Amino acid sequence: MIVPGIVIDCNERFVIVKCSKNEACGSCPSKQKCASKSVSLFFSDDNCQLLKISNIQRLCLVKQQVVGLEIPDSFIYKSTVAIYFVPIFVSIVISIILDNLFNNEMLTILSFVLCVLVQPRLFMAHVTRNIKIVAY
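Residues numbered from 1 in each chain as written. Predicted model: local features only at pLDDT ≥ 70, side-chain atom pairs only at ≥ 80, totals over all residues. Heavy atoms only, no water.

When its secondary structure is counted, the protein shows three helices and five strands. Helices and strands appear in the protein in the N-to-C order β-β-α-β-β-α-α-β. When each of the 136 residues of the protein is scored for burial, the buried share is 24%. Long-range contacts, defined here as pairs at least 24 residues apart, represent 77% of the contacts in the protein between residues at least 6 apart. Accessible surface computed for the protein: about 9300 Å², of which carbon and sulfur atoms make up 66%. (Helix = DSSP H or I, 4+ residues; strand = E, 2+ residues; numbered from the N terminus. Buried < 20%, exposed > 50% of the residue type's maximum accessible area, 1.4 Å probe, protein only. Contact = heavy atoms within 4.5 Å. Areas by Shrake-Rupley, 256 points an atom, 1.4 Å probe, with all protein chains shown as cover.)

Attention shifts here to the sheet that holds strand β4 (residues 66-70). Read across the open sheet, the five strands follow the order β3-β2-β1-β4-β5; overall the sheet is antiparallel. With one partner strand each, in any of the chains shown, β3 (48-54) and β5 (132-135) form the two edges of the open sheet. Strand-to-strand, the axes of this sheet are offset by a mean angle of 40°, without reference to chain direction. As defined by bridge partners, strand β1 (residues 2-10) adjoins strand β2 (residues 14-20) across four bridges and the pair is classed as antiparallel. (Pairing = 2+ DSSP bridges. Axes fitted to C-alpha atoms, helices over the stretch in contact; angles between N-to-C directions.)

Moving on, we get to the side chain of Asn 55. Residue position: Asn 55 is located in the loop between β3 and β4. Within polar-contact distance, the side chain of Asn 55 engages the backbone nitrogen of Leu 59 at 3.0 Å. Sequence-distant contacts of Asn 55, that is, excluding residues within four places in its chain, are made with Cys 10, Asn 11, Glu 12, Arg 13, Phe 14 and Val 15. (Polar contact = N/O pair within 3.5 Å; in protein donor to acceptor, adjacent residues only side chain to side chain.)

Within the chain, Arg 58 stands out as a residue other than glycine whose phi angle is a positive 55°. Within the secondary structure, Arg 58 sits in the loop between β3 and β4. Looking at Arg 58, the relative accessible area reads 59%, which means it is exposed. Positive phi, normally seen in glycine, also occurs at Gln 64, with a value near 70°.

Topologically, Val 15 is positioned in strand β2. Measuring from C-alpha to C-alpha, the distance between Val 15 and Lys 52 comes to 5.8 Å, with 37 residues separating the pair along the chain. Excluding its chain neighbours within four sequence positions, the residues that come into contact with Val 15 are Val 7, Asp 9, Cys 10, Leu 51, Lys 52, Ile 53, Asn 55, Leu 61 and Ile 133.

On average, the protein scores 77 in pLDDT, and the residues at 70 or more come to 75%. Contacts for the low-pLDDT stretch residues 35-45, under 50 throughout, to residues beyond four places or in other chains number seven contacts. (pLDDT = per-residue confidence, 0-100.)

Let's shift gears to the side chain of Thr 108. Positionally, Thr 108 belongs in helix α3 (residues 105-128). Among the polar contacts made by the side chain of Thr 108, one reaches the main-chain carbonyl oxygen of Asn 104 at a distance of 2.9 Å. Every residue in contact with Thr 108, bar those within four places of it in the chain, is listed here: Ser 95, Leu 98 and Asp 99.

Dropping the structure here:
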């Protein structure tokens, strides 16, 4: 999948690209009901995402240049499983451990909610390492 974006900044180490959150959804059948979309809208007041991507290809891009962000389909399928199942599984395991250690229901519920909210943010760092920039 190739998602269009606009270069905000470029140096020899990183390229910062601004792209639309909805463009990345493409033809996904669950994009209207996606839980990650509602979480991202909660943290952001606009429909754009700034991505800091490693400049592995050593591209010389200028500000405001339109580029394409190429994301492999196999990575998208693996990421879908990771973004939906891993946070819930890890949250359940941590909640069970804390419940057995402290026997406090509020602590268990709070840890579950925090894990579900924090893990997708940590996942974004992994996503940006697998994006290839295609200059138009």
